[in-house]
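Read off the chains here:
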Amino acid sequence: MSIALRNCPRAKPALPVLAALLVCACPAFAQSPPPAPENARLEYAQVLRAEPVYQTLRATSMVERCEATTPVASEDQRRGFARMVGAVKDVLRSDEDRVEETDRSAGGDCRMVPIEREFRRPIAYDVDYVHKGVKYRSRLPYDPGNRLRVRVSVTPIVPPAGER
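Residues numbered from 1 in each chain as written. Predicted model: local features only at pLDDT ≥ 70, side-chain atom pairs only at ≥ 80, totals over all residues. Heavy atoms only, no water.

Topic: the pairing of strand β1 (residues 40-67)
Line of reasoning, step 1. Strand direction decides the pairing type here: β1 and strand β4 (residues 147-153), joined by seven bridges, are antiparallel. Paired with Ala-40 across the strands is Ser-153, a residue of β4.
Line of reasoning, step 2. Relative to strand β2 (residues 109-131), β1 runs antiparallel, the two sharing 21 bridges. The residue of β2 that forms the bridge with Glu-67 is Asp-109. (Pairing = 2+ DSSP bridges. Helix = DSSP H or I, 4+ residues; strand = E, 2+ residues; numbered from the N terminus.)

Structure follows, in structure tokens:
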């Protein structure tokens, strides 16, 4: 016995109780039956179609817009990175959002304008596939490609004792 347990009078009665609990618990583990072998195997099915299921998200952001007294540099006057950024902005901007823009330093009328954007992203895939001549449909969290791994399980039907 360690020195700490010798000096503690309450620890001595607790040791036999702990030992008895440990001995009683061990046979419980030994009596559980081994897991039954599973009647299943993995095979491949041919994917016929995988259709994405989209989630639509809407986001509103505030953008500063300045209206025209002196126009901003046109496409021809932009150089390098500024030209590329301007082209991307022009593609993403809808017709109703287009205004004659000015530099803020040119003293135009500037205000904050809400811009609403919609984003669609795939969240799942409805997959049609064939396995051994039978068509199936499942919703999966990923696009499986041309083949889909499937689990095939065979379980006998055991009728109740009175129906045998």
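A short note on the confidence of the model for the chain
Line of reasoning, step 1. In this model, the chain carries a mean pLDDT of 76, and residues with pLDDT of at least 70 account for 57%.
Line of reasoning, step 2. For the chain, helix α1 (residues 3-7) is the element with the lowest average pLDDT, namely 53, and strand β3 (residues 134-140) is the one with the highest, namely 97. (pLDDT = per-residue confidence, 0-100.)

Some thoughts on the side chain of Asp-126
Line of reasoning, step 1. Looking at the element boundaries, Asp-126 is found in strand β2.
Line of reasoning, step 2. Among the polar contacts listed, one links the side chain of Asp-126 to the side chain of Arg-139, at a separation of 2.8 Å.
Line of reasoning, step 3. Those residues in contact with Asp-126 that lie beyond four places of it in its chain are Arg-49, Ala-50, Glu-51, Val-53, Ser-138 and Arg-139. (Polar contact = N/O pair within 3.5 Å; in protein donor to acceptor, adjacent residues only side chain to side chain. Contact = heavy atoms within 4.5 Å.)

Considering the pattern of salt bridges
Line of reasoning, step 1. Under the criterion given, the structure shown has six salt bridges.
Line of reasoning, step 2. The salt bridge partner of Asp-128 is Arg-49, with a shortest N-O separation of 2.9 Å. Of this pair, Asp-128 sits in strand β2 while Arg-49 sits in strand β1, and the two are 79 residues apart along the sequence.
Line of reasoning, step 3. For Asp-128, a relative accessible area of 14% gives the class buried.
Line of reasoning, step 4. Residue class for Arg-49 comes out partly exposed when judged on its relative accessible area of 34%.
Line of reasoning, step 5. Through salt bridges with shared partners, one network takes in Arg-49, Glu-51, Asp-128 and Arg-137. (Salt bridge = Lys/Arg side-chain N within 4 Å of Asp/Glu carboxyl O. Buried < 20%, exposed > 50% of the residue type's maximum accessible area, 1.4 Å probe, protein only.)

Topic: the state of the cysteines
Line of reasoning, step 1. The full count for this structure, using the stated rule, is one disulfide.
Line of reasoning, step 2. The disulfide partner of Cys-66 is Cys-110, and the S-S distance across this bridge is 2.0 Å. Here the disulfide of Cys-66 and Cys-110 is right-handed, its torsion about the S-S bond being about 105 degrees. Pair noted here: Cys-66 is in strand β1 and Cys-110 is in strand β2, with a separation of 44 residues, a long-range link.
Line of reasoning, step 3. A residue is classified by how much of its surface remains accessible, and Cys-110, at 27% relative accessible area, is partly exposed. (Disulfide = S-S within 2.5 Å.)

Side note on unusual backbone geometry
Line of reasoning, step 1. A positive phi angle, near 55 degrees, is found at Lys-132, a position not held by glycine.
Line of reasoning, step 2. If you trace the backbone, Lys-132 turns up in the loop between β2 and β3.
Line of reasoning, step 3. Residue classification places Lys-132 among the exposed positions, given a relative accessible area of 65%.

Digging into the nonpolar core
Line of reasoning, step 1. Within the largest apolar cluster, nine residues are counted, these being Ala-45, Val-47, Tyr-125, Val-127, Tyr-129, Leu-140, Leu-148, Val-150 and Val-152.
Line of reasoning, step 2. Every residue in contact with Val-152, bar those within four places of it in the chain, is listed here: Asn-39, Ala-40, Arg-41, Glu-43 and His-131. (Core = buried A, V, L, I, M, F, W, Y, C linked by side-chain atoms within 4.5 Å.)

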